[in-house]
Amino acid sequence: MSETTDERTENASGTAESAEAKESAAEKTDAAEETETAGKADKAEKAEAPASAPAAPATTAGPSPVGLVLGVIKTARPKQWVKNVLVFAAPFFAFSKATNRTELVIDALIAFVAFSLTASSVYLINDAVDVEADRAHPTKRNRPIAAGIVPVPVAYASAVVFFLAGLAVSFAADWRLAIVLAVYEAVQLGYCFGLKHQPVVDLAIVGSGFLMRSVAGGVAGGIAMSQWFLLVTAFGSLFMVAGKRYAEIMLFERTGAKIRSSLKKYSASYLRFVWATSAAILIMSYCLWAFEIRQAEHNSVWAVVSMVPFVIAVLRYAVDVDGGNAGAPDEIALKDRVLQVLGATWVVTLFLSFYL
């Protein structure tokens with residue numbers, strides 16, 4: 001008896017379903033075999049692995065004590081202690097008329113050590129406060145605190161130790177030196193905790209740091225400082241600070257690096273105006289001071305000659321400022337051989353004006 005059309009269709013459908021079922025079962029069997037094979041391979045690898053292999057540590061180890069100490073010392077920035085040679089300025093000019101020159105030199109050395117320790121305490125606090133901003137900076141991110149080598153609490157504790165050590169050393173010279181250091185610390189802390197974000201105010205505060213270094217040397221030795229000495233120091237400081245800020249603006253324009261908020265309110269042309277004006281007043285004040293020294297030192301021509309290396313040195317430093325390379329004045333002083341020769345020549349001419 002022949003099949004109907006519906007019966008043939010139903011049989012064909014059943015046959016197809018049976019084939020699909022067999023294929024699915026075969027795939028499941030293959031998958032099971034692969035899983036079993038992989039399981040055996042894992043067991044074999046675990047069996048071959050040495051039983052004594054140490055487990056990976058859950059957390060990374062902190063810096064070693066030696067690394068921590070070195071990080072604190074680096075954050076204290078001993079390279080920038082070169083700025084503190086300004087404490088020798090007032091003793092240098094008073095040395096020729098001093099009655100006890102040995103005591104004057106000792107007091108100047110004490111002032112240098114005390115100011116170096118106090119300044120280092122400020123550097124530690126400044127880096128601790130700016131840790132997040134430094135991590136976004138192309139070069140400052142390598143500083144020990146930003147890099148995680150020195151924890152922030154350790155930085156604050158070290159700053160207190162440095163400051164107290166500086167005060168203790170200052171009393172060996174004159175108690176008034178301790179007052180200068182305390183004022184310096186207070187002003188710089190105000191800078192670290194907010195005033196550095198105020199345009200113009202930040203320039204004045206940083207510049208006052210250089211002025212206080214010169215005052216510290218005079219106070220330590222009991223020296224009466226002239227008005228010209230204070231003017232030269234003040235505008236020389238402003239010249240260097242404006243140059244440093246200008247270099248930071250140039251770095252931002254070249255690399256797009258994150259900069260301090262106060263710099264966003266400056267323009268490159270304004271900072272050029274500040275350091276150009278400061279340089280002009282600096283040169284004029286020194287020249288008038290040199291003529292005064294000539295009259296006081298028996299009409300010595302060497303005081304007038306000292307204006308030549310001084311003016312050339314200012315113009316030489318201005319080249320670095322104009323090129324945006326004055327971000328670290330201490331590095332320029334240590335690397336620029338021509339500037340070093342000019343500085344040494346200036347000191348020699350002044351020495352001759354006092355003692356020849």
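Here the structure is a predicted model, which means the values were calculated and not measured.

How each quantity is defined
- Residues numbered from 1 in each chain as written.
- Predicted model: local features only at pLDDT ≥ 70, side-chain atom pairs only at ≥ 80, totals over all residues.
- Heavy atoms only, no water.
- Helix = DSSP H or I, 4+ residues; strand = E, 2+ residues; numbered from the N terminus.
- Buried < 20%, exposed > 50% of the residue type's maximum accessible area, 1.4 Å probe, protein only.
- Areas by Shrake-Rupley, 256 points an atom, 1.4 Å probe, with all protein chains shown as cover.
- Phe/Tyr/Trp six-rings, centres within 6.5 Å; stacked < 30°, edge-to-face > 60°.
- Lys NZ or Arg CZ within 6 Å of the ring centre and 35° of its normal.
- Salt bridge = Lys/Arg side-chain N within 4 Å of Asp/Glu carboxyl O.
- Contact = heavy atoms within 4.5 Å.
- Axes fitted to C-alpha atoms, helices over the stretch in contact; angles between N-to-C directions.
- Parallel < 35°, antiparallel > 145°, perpendicular 65-115°, else oblique.
- Left-handed = near helix turned anticlockwise from the far one by under 90°.
- 1 Å grid on protein atoms, 1.4 Å probe; cavity = no way out; pocket = protein on both sides within 12 Å on 5 of 7 lines; lining within 4 Å.
- Points joined across faces, edges and corners; volume = space filled by probe spheres on them.
- Nonpolar A, V, L, I, M, F, W, Y, C, P; charged D, E, K, R; others polar.
- Core = buried A, V, L, I, M, F, W, Y, C linked by side-chain atoms within 4.5 Å.
- Patch = residues over 30% accessible without salt bridge, like charges linked within 9 Å, V, L, I, M, F, W, Y side chains within 5 Å.
- Polar contact = N/O pair within 3.5 Å; in protein donor to acceptor, adjacent residues only side chain to side chain.

Draft legend 1. Focus on the overall build of the protein chain. For the protein chain, the helix and strand inventory stands at 14 helices and zero strands. When the helices and strands of the protein chain are placed in sequence order, the string is α-α-α-α-α-α-α-α-α-α-α-α-α-α. In the protein chain, buried positions account for 40% of the 356 residues. Carbon together with sulfur atoms contributes 66% to the accessible area of the protein chain, which is approximately 19500 Å² in total.

Draft legend 2. Quick peek at the packing of aromatic side chains. Enumeration over the complete set of coordinates arrives at 17 aromatic pairs. Seen from their ring centres, Y266 and Y270 are 5.7 Å apart, and the 5° between their planes marks the pair as stacked. Taken together, the aromatic side chains of F92, F93, F229, Y286, W289, F310, W346 and F354 make up a single cluster linked through ring pairs. R213 extends its terminal NZ or CZ atom over the ring of F210, reaching a point 5.5 Å from the ring centre.

Draft legend 3. Seen up close, the pattern of salt bridges. Under the defined criterion, the tally for this structure stands at nine salt bridges. R77 is paired through a salt bridge with D127; the nearest N and O atoms lie 2.4 Å apart. Within this pair, whereas R77 is found in the loop between helix 2 (65-75) and helix 3 (89-94), its partner D127 is found in helix 4 (residues 101-129), the two being separated by 50 residues in sequence. A residue is classified by how much of its surface remains accessible, and D127, at 2% relative accessible area, is buried. Here D127 and R143 are joined by a salt bridge, their closest N and O atoms 3.1 Å apart. Of this pair, D127 sits in helix 4 while R143 sits in the loop between helix 5 (131-135) and helix 6 (152-170); the two residues are 16 residues apart in sequence, bridging distant segments of the chain.

Draft legend 4. View of the side chain of S96. Examined against the element boundaries, S96 turns out to sit in the loop between helix 3 and helix 4. By relative accessible area, S96 is classed as buried at 17%. Those residues in contact with S96, other than ones at most four positions away along the chain, are R101, E297, F354 and Y355.

Draft legend 5. Here's a closer look at the packing of helix 8 (residues 201-220) against helix 9 (residues 227-255). Their axes nearest at 8 Å, the elements helix 8 and helix 9 cross at an angle of 140°. If you check the angle between helix 8 and helix 9, you find them oblique. For the pair helix 8 and helix 9, the sense of crossing is right-handed. Between helix 8, through D202, L203, V206, G207, F210, L211, S214 and V215, and helix 9, the contact on the second element is made entirely by F229, L230, T233, A234, S237, L238, M240, V241 and R245.

Draft legend 6. Seen up close, the environment of A328. Residue position: A328 is located in the loop between helix 12 (307-322) and helix 13 (329-335). By relative accessible area, A328 is classed as partly exposed at 22%. Here the alpha-carbon distance between A328 and M240, two residues 88 residues apart in the chain, equals 9.4 Å.

Draft legend 7. Main features of the environment of A276. Along the chain, A276 turns up in helix 10 (residues 268-296). Taking the C-alpha atoms as reference, A276 lies 9.3 Å from G243; in sequence the two are 33 residues apart.

Draft legend 8. A look at the layout of surface pockets. Estimated volume of the second largest pocket: approximately 1200 Å³. V85, L86, M240, G343 and W346 are the residues nearest the centre of the second largest pocket, which is lined by 33 residues in total. When residues of the lining of the second largest pocket are traced back to their parent elements, those giving at least two are helix 3, helix 8, helix 9, helix 10, helix 12, helix 13 and helix 14 (337-355). Element by element, the count of residues in the lining of the second largest pocket is highest for helix 9, at seven residues. When its residues are assigned to classes, the lining of the second largest pocket shows 25 nonpolar, six polar and two charged.

Draft legend 9. Just the nonpolar core, in detail. Counting 81 residues, the largest nonpolar core has Y286 and W289 as the members making the most contacts within it. Setting aside residues up to four positions removed in sequence, Y286 forms contacts with V232, S306, M307, F310, W346 and L350.

Draft legend 10. View of a nonpolar patch on the surface. On the surface, a nonpolar cluster with roughly 380 Å² of combined accessible area is contributed by V66, V69, L70 and I73. Within the secondary structure layout, V69 lies in helix 2.

Draft legend 11. Inspection of unusual backbone geometry at higher detail. One non-glycine residue with positive phi stands out, namely R77, at about 55°. For V200, which is not a glycine, the phi torsion comes out positive at approximately 70°. Mapped onto the elements of the fold, V200 is located in the loop between helix 7 (175-192) and helix 8.

Draft legend 12. Focus on the packing of helix 4 against helix 8. Two numbers describe how helix 4 lies on helix 8: the axes approach to 9 Å, and their chain directions differ by 150°. Considering the angle they form, helix 4 stands roughly antiparallel to helix 8. For the pair helix 4 and helix 8, the sense of crossing is right-handed. Packed against helix 4, whose contacting residues are D107, A111, F115, A119 and Y123, the element helix 8 presents G209, M212, R213, A216 and A220 at the interface. Here the residues of the contact of helix 4 with helix 8 sort into seven nonpolar, one polar and two charged.

Draft legend 13. Structural detail: the side chain of T75. Of note, T75 is situated in helix 2. According to the relative accessible area criterion, T75 is buried, its value standing at 1%. At a separation of 2.7 Å, a polar atom in the side chain of T75 contacts the main-chain carbonyl oxygen of G71. In this structure, T75 is in contact with Y123, L124, D127, P144, I145 and V150, ignoring residues within four places of it in sequence.

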